[in-house]
Amino acid sequence: MSVRRLDPVQPESFAFSRANLSWAKGQLKKYPKGKQASAIIPLLWRAQEQHDGWLPEPAIRHVADMLGMPYIRALEVATFYTMFNLSPVGEHFVQLCGTTPCMLCGSGDLIDVCKKVIGPENTVTADGKLSWMEVECLGACVNAPMAQVNKDYYEDLTAENFEQILADLRAGKKVKPGPQNSRHASEPMGGATTLLDPSLYNGKGRSKSATSRTRKAPTAKTKSPKASATAAPKLMKTPRKAGADDLKMIAGVGPKIEGILNGLGVFHFDQVSKWKRAEVAWVDEQLKFKGRIDREDWIKQAKALAKGGEAEYVKVFGKKPR
Ligand code: FES
């Protein structure tokens, strides 16, 4: 672990607000007499929340006094756990996961966004709105890459949607946390592949059809993916007469990617919707995307958009395209 020091600029004093003091006294009652020091983590955490997301030295002393602890013991806790920020953070504090699963899924691109939009790690933007730090696994690897902003998780991120999220937060707009592609939670891309029969879990017993379905030989859909060969999809020299589709309606495609796709000869939703495995692999390779087309389910999105535009998209995904 890196050395963690107190901020050189400290406030003169700290005291819990009335409401927090009464809450803290309630915490102390949870522990047997003489064991009040056990409440140190919740109390330090509440102090940090009260003090704009970081823990100054007077707050650490204040908590130590309340718990009858030597200051050095409280300081050891505050400096050991990285959940305690020892320097000021932005109004929107970004904790970006850089651990292996997120790194393999593109967290490096997100770090570049942080550097571009916010600046160096652990600095606060001049407007006080944003700061960021790289952290270890936040336990949402199945939706990698991801970042936590204050108390919310933003998952299945791309450089494009992450940059937009930061811009929206900075502008005070409401941003929906959770997966930023077509997923609702951590189900497989394209929808659930198991527990498809409600009778398996709704208490009504396992139906015959479920039994026979689960005994079937695996289909192409359920087989584990193999490394696929690549083959260029059908490309066009120019868009059709009516003009190119707005590929940016596909979540995960920003202006830059749209430009690259157009450059390759992809202009329409129905082109994307017909890509086979080898073709997805080929486009993935061109875009250096490390599987993002599947992660963001471009094919399903493109199918909906090709079939019925925004209305069909809303029907399929329950939300408007970007
Ligand atoms: S590796 Fe990023 S959340 Fe686990």
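What this report covers is the structure whose coordinates are included nearby. Keep in mind it's a predicted model, so treat the numbers as computed, not measured.

Before going further, it helps to examine helix α7 (residues 159-170). Think of an α-helix as turning once every 3.6 residues; residues three or four places apart then point the same way. In this model, α7 (12 residues) spans 16 Å end to end at C-alpha, consistent with the 16 Å of a helix rising 1.5 Å per residue. Buried residues along α7 sit against β1 (92-97), α6 (107-117), β2 (130-135), β3 (147-149), β4 (152-155) and α12 (292-295). One or two positions beyond α7, positive phi appears at Gly-172, with a value near 80°.

To continue, consider the packing of helix α1 (residues 18-28) against helix α2 (residues 40-50). For the pair α1 and α2, the least separation of the axes is 10 Å and the interaxial angle reads 170°. Here α1 is positioned roughly antiparallel relative to α2, judged by the angle of their axes. Between α1 and α2, the residues in contact are Asn-20, Trp-23, Ala-24, Gln-27 and Leu-28 and Pro-42, Leu-43, Arg-46 and Gln-50, respectively. By residue class, the composition of the contact of α1 with α2 is 5 nonpolar, 3 polar and 1 charged.

Looking now at the side chain of His-92. Examined against the element boundaries, His-92 turns out to sit in strand β1. There is a polar contact of 3.2 Å between the side chain of His-92 and the backbone oxygen of Leu-169. Not counting residues up to four positions away in its chain, the partners in contact with His-92 are Lys-129, Leu-130, Ser-131, Val-149, Asn-150 and Leu-169.

The next thing to look at is unusual backbone geometry. In this model, Ala-144 is joined to Pro-145 through a cis peptide bond whose omega is -5°. Along the chain, Pro-145 turns up in the loop between β2 and β3. A positive phi angle, near 55°, is found at Asp-52, a position not held by glycine. With respect to the helices, strands and loops of the structure, Asp-52 is situated in the loop between α2 and α3 (57-67). One non-glycine residue, Asp-156, adopts positive backbone phi at about 50°. Here Asp-156 shows up in the loop between β4 and α7.

Attention shifts here to the packing of aromatic side chains. Applying the stated rule across the entire model yields 4 aromatic pairs. Where Phe-14 meets Phe-16, the ring centres are 5.6 Å apart and the plane angle is 75°; that geometry is what we call edge-to-face. A ring pair is formed by Phe-80 and Tyr-81, whose centres lie 4.9 Å apart and whose planes are at 90°; its orientation type is edge-to-face. By relative accessible area, which is 48% here, Phe-80 ends up partly exposed. The ring of Trp-23 carries Arg-46 above its face, with NZ or CZ at 3.9 Å from the centroid. It is Arg-61 that lies over the ring of Tyr-71; its NZ or CZ is 4.7 Å from the centre.

The next point concerns the nonpolar core. The biggest cluster of nonpolar side chains holds 24 residues, and the ones touching the most others in it are Leu-261, Trp-275 and Trp-298. Sorting the residues of this core by element identifies α9 (255-264), α10 (269-273), α11 (277-287) and α13 (298-317) as the ones contributing at least two each. In terms of residue count, α13 provides more of this core than any other element does, 7 residues in total. The residues contacting Trp-298, other than those within four sequence positions of it, are Ile-250, Ala-251, Gly-252, Val-253, Ile-257, Leu-261, Val-272, Trp-275, Leu-287, Phe-289, Arg-292 and Ile-293.

Cut-offs used in this document
Numbers given for residues are sequential positions, taken from 1 along each chain in its written order. Local features in this predicted model are restricted to residues of pLDDT 70 or higher, and side-chain atom pairs are both shown and tallied only at a pLDDT of 80 or more, whereas totals for entire chains, interfaces and linings draw on every residue. Note: side-chain values were computed over all heavy atoms of the structure, leaving out hydrogens and water. Note on conventions: DSSP H or I runs of at least 4 residues are helices, E runs of at least 2 residues are strands, and numbering of each starts at the N terminus. Here the expected span of a helix is defined as 1.5 Å times the quantity of residues minus one. Residue contacts follow a heavy-atom distance rule, with two residues in contact if any of their heavy atoms lie within 4.5 Å. Think of each axis as a best-fit line through the C-alpha atoms, taken over the contacting stretch in the case of a helix, with angles from 0 to 180 degrees between the N-to-C directions. Each angle gets one of four labels, with under 35 degrees taken as roughly parallel, over 145 as roughly antiparallel, 65 to 115 as roughly perpendicular, and the rest as oblique. Polarity classes work like this: nonpolar for Ala, Val, Leu, Ile, Met, Phe, Trp, Tyr, Cys and Pro, charged for Asp, Glu, Lys and Arg, and polar for all others, with Gly in that last group. Any pair of nitrogen or oxygen atoms within 3.5 Å is treated as a polar contact; in protein, a donor-acceptor pairing is required on top of that, and neighbouring residues in sequence qualify only through side-chain atoms on both sides. The criterion for an aromatic pair is that two Phe, Tyr or Trp rings (for Trp, the six-membered ring) have centres within 6.5 Å, with stacked assigned to planes under 30 degrees apart, edge-to-face to planes over 60 apart and tilted to the rest. Exposure categories follow from relative accessible area, calculated using a 1.4 Å probe and restricted to protein chains: below 20% of the type maximum is buried, above 50% is exposed, and the middle band is partly exposed. Whether a charge lies above a ring is judged from NZ of Lys or CZ of Arg, which has to be within 6 Å of the ring centre and within 35 degrees of the ring normal. Put simply, a nonpolar core is a bunch of buried Ala, Val, Leu, Ile, Met, Phe, Trp, Tyr and Cys residues held in one set by side-chain atoms that sit within 4.5 Å of each other.

Purely geometric numbers; function is a separate question.
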